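Coordinates in review
Listed below, chain by chain, are the residues.
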Amino acid sequence: MIGLSNVEAKSSPSRKFALLFSASFLIVLALSMQFPTFPLFAAESGATLIQIGMMVSIGFMVRFVSRVPIGLFSDRFGRKRLFSFGAICVASSFLVLYLSVSLLHITASQIFTALAFTTIFPIGMTIAAEMSHDSSGTGFAAFASASSVAGLGAPLVCSALLLSMPIRATYLVAGIIGLAGVALSVLLPKGHTVRRSFEVCASLQNVFANREVQLVSTVQVFAALSDIAISTYFPLRASSEIGLSPSMIALLVSLYPLGMTLIRVLLPRIFGRMTATRLLTVALAAYMISMLTIPLATEISLLALFIGIAGVAHGMIWPAASLHLSHSVDRRDLGLANAVYGGVGDVVGMTAPVALSSIIAAMGYSALYYTAFLFDLAGVVLMVFVTRD
């Protein structure tokens with residue numbers, strides 16, 4: 001025990017951050033390699049559009065249902081174990097897809113994917129919080145930057161692999177990358193701020209009654225609506241109203257994660273000069289500008305600019321919210337707090353598209369973006385009011 005403690009004590013912060021970045025990059029890279037090709041693979045395997053939609057819906061339901069239990073488990077048994085569990089789920093999802101012979105197997109893979117998504121991101125941010133002993137946000141930037149770079153690189157890796165192999169074979173490659181992430185996750189430092197027992201009622205009461213958790217969860221509602229407006233509906237508008245080609249739409253959409261990646265590289269410096277709540281206000285304001293201007297833009301250059309601004313906004317929201325939670329919540333409940341915050345996005349993802357599609361059908365795509373603009377404006381006003389000196 002003494003030897004282990006000495007090793008952990010001698011482990012430099014920069015080495016811990018580098019290890020967190022490397023493990024997160026491999027795990028998120030593998031996880032993100034499924035998104036560009038999964039609908040195609042399911043269709044090739046005989047799934048109808050309705051069945052593919054049901055598979056995606058099952059994934060969202062699993063994410064929503066598993067949020068709180070995973071947060072409780074991380075607070076009880078430690079972040080490292082849950083993070084490694086998430087990495088195992090990533091590898092398992094791809095191995096199940098690679099070996100699948102029926103739609104049932106493909107559906108099972110989406111359960112693993114949902115558990116991985118629910119575990120990796122909130123627990124990764126919780127690990128980052130426990131590594132950060134000041135307000136610099138270095139740990140948050142390390143994890144968020146790794147996630148952004150991996151999300152940006154995954155489609156490129158998939159494209160390169162698909163030049164020489166079928167979709168099924170790319171899943172084997174992704175599974176191997178995921179296993180490498182599992183190996184690195186085992187080397188992460190062990191968290192110490194965990195509960196001795198589950199204390200479910202006390203934990204839930206502490207988190208749900210916390211005003212800062214309520215604040216960032218409200219911000220997540222606004223941000224999730226804008227994210228859906230970009231990631232789900234922008235390609236449809238660009239195709240139907242502007243007449244852009246699929247390749248041009250893909251290029252424009254890629255600027256969204258690019259904006260996220262660029263801003264997250266700068267987060268340590270930004271956190272050194274700005275509080276997390278102020279950064280949340282700035283992020284909502286950037287989203288607001290993007291939602292207001294996208295309906296007015298038809299030129300490629302302007303669309304690229306406004307999509308990039310939206311990406312910058314999205315890149316600030318999540319790390320800033322997690323940093324604020326790390327300073328506002330008992331560390332023993334931090335995993336649950338991050339899970340609850342993420343769960344709000346799941347609820348919006350399950351419920352908002354129906355309402356937004358109705359708005360589009362009645363008034364067009366512009367009404368969608370102006371609706372998101374009004375929500376972001378309300379968020380900015382709320383943040384200014386709540387955080388005023």
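Anything mentioned here points back to the structure above.
Anyway, here's the lowdown on the structure attached to this text. Values in this document were obtained by computation on a predicted structure and should not be read as measured data. (Residues numbered from 1 in each chain as written. Predicted model: local features only at pLDDT ≥ 70, side-chain atom pairs only at ≥ 80, totals over all residues. Heavy atoms only, no water.)

Time to look at the packing of helix 9 (residues 200-208) against helix 15 (residues 334-363). Helix 15 packs onto helix 9 with a crossing angle of 55° between their chain directions and a minimal axis gap of 10 Å. If you check the angle between helix 9 and helix 15, you find them oblique. Once helix 9 is placed against helix 15, the crossing between them reads as right-handed. Facing helix 9, whose interface residues are S203, L204, V207 and F208, helix 15 presents L336, A337 and V340. A breakdown of the residues in the contact of helix 9 with helix 15 according to their chemical character gives six nonpolar, one polar and no charged. (Axes fitted to C-alpha atoms, helices over the stretch in contact; angles between N-to-C directions. Helix = DSSP H or I, 4+ residues; strand = E, 2+ residues; numbered from the N terminus. Parallel < 35°, antiparallel > 145°, perpendicular 65-115°, else oblique. Left-handed = near helix turned anticlockwise from the far one by under 90°. Contact = heavy atoms within 4.5 Å. Nonpolar A, V, L, I, M, F, W, Y, C, P; charged D, E, K, R; others polar.)

Moving on: the packing of aromatic side chains. Per the stated rule, a full pass over the model turns up eight aromatic pairs. On the numbers, 6.4 Å between centres and 65° between planes, the contact of F121 with F143 is edge-to-face. Separated by 22 residues along the polypeptide, F121 in helix 6 (residues 103-131) and F143 in helix 7 (residues 138-162) bring together distant segments of the chain. Taking relative accessible area as the criterion, F121 reaches 15% and is therefore assigned buried. The exposure class assigned to F143 is buried, which follows from its relative accessible area of 0%. Centre to centre, the rings of F143 and W318 are 5.6 Å apart; their planes meet at 75°, and the pair counts as edge-to-face. Taken together, the positions of F143 in helix 7 and W318 in helix 14 (residues 300-328) put the pair 175 residues apart, joining distant regions of the chain. (Phe/Tyr/Trp six-rings, centres within 6.5 Å; stacked < 30°, edge-to-face > 60°. Buried < 20%, exposed > 50% of the residue type's maximum accessible area, 1.4 Å probe, protein only.)

Before going further, it helps to spend a moment on helix 13 (residues 276-293). With 18 residues, helix 13 extends 26 Å between its outermost C-alpha atoms, agreeing within 8% with the 26 Å of an ideal straight helix rising 1.5 Å per residue. Most of helix 13 sits out of view: 13 of its 18 residues are buried. (Expected span 1.5 Å × (residues − 1).)

Below, the discussion takes up the pattern of salt bridges. Taken as a whole and judged by the stated rule, the model has one salt bridge. One salt bridge in this structure joins R237 and E241, with 3.3 Å as the shortest N-O distance. Taken together, the positions of R237 and E241, both in helix 10 (residues 211-242) and four residues apart, correspond to about one turn of that helix. (Salt bridge = Lys/Arg side-chain N within 4 Å of Asp/Glu carboxyl O.)

This part takes up the environment of V96. Counting through the fold element by element, V96 comes out in helix 5 (residues 79-99). Residue V96 is classed as partly exposed on the basis of its relative accessible area, which comes to 24%. Distance from V96 to I228, taken between C-alpha atoms, is 29 Å for residues 132 residues apart in sequence. Apart from residues lying up to four places away in sequence, V96 is in contact with H105, S109 and F112.

Relative orientation of the contacting elements helix 5 and helix 6 amounts to 155°, with a least axis distance of 7 Å. In terms of axis orientation, helix 5 runs roughly antiparallel to helix 6. In this structure, helix 5 meets helix 6 at a crossing whose hand is left-handed. Classifying every residue of the contact of helix 5 with helix 6 by side-chain character gives 15 nonpolar, nine polar and two charged.

Further remarks concern the environment of A116. For A116, the location among the structural elements is in helix 6. With relative accessibility at 0%, the residue A116 sits in the buried group. Each C-alpha atom of the pair A116 and A321 lies 21 Å from the other, and the pair is 205 residues apart in sequence. Dropping the residues within four chain positions of it, A116 is found in contact with L31, G86, C89 and V90.

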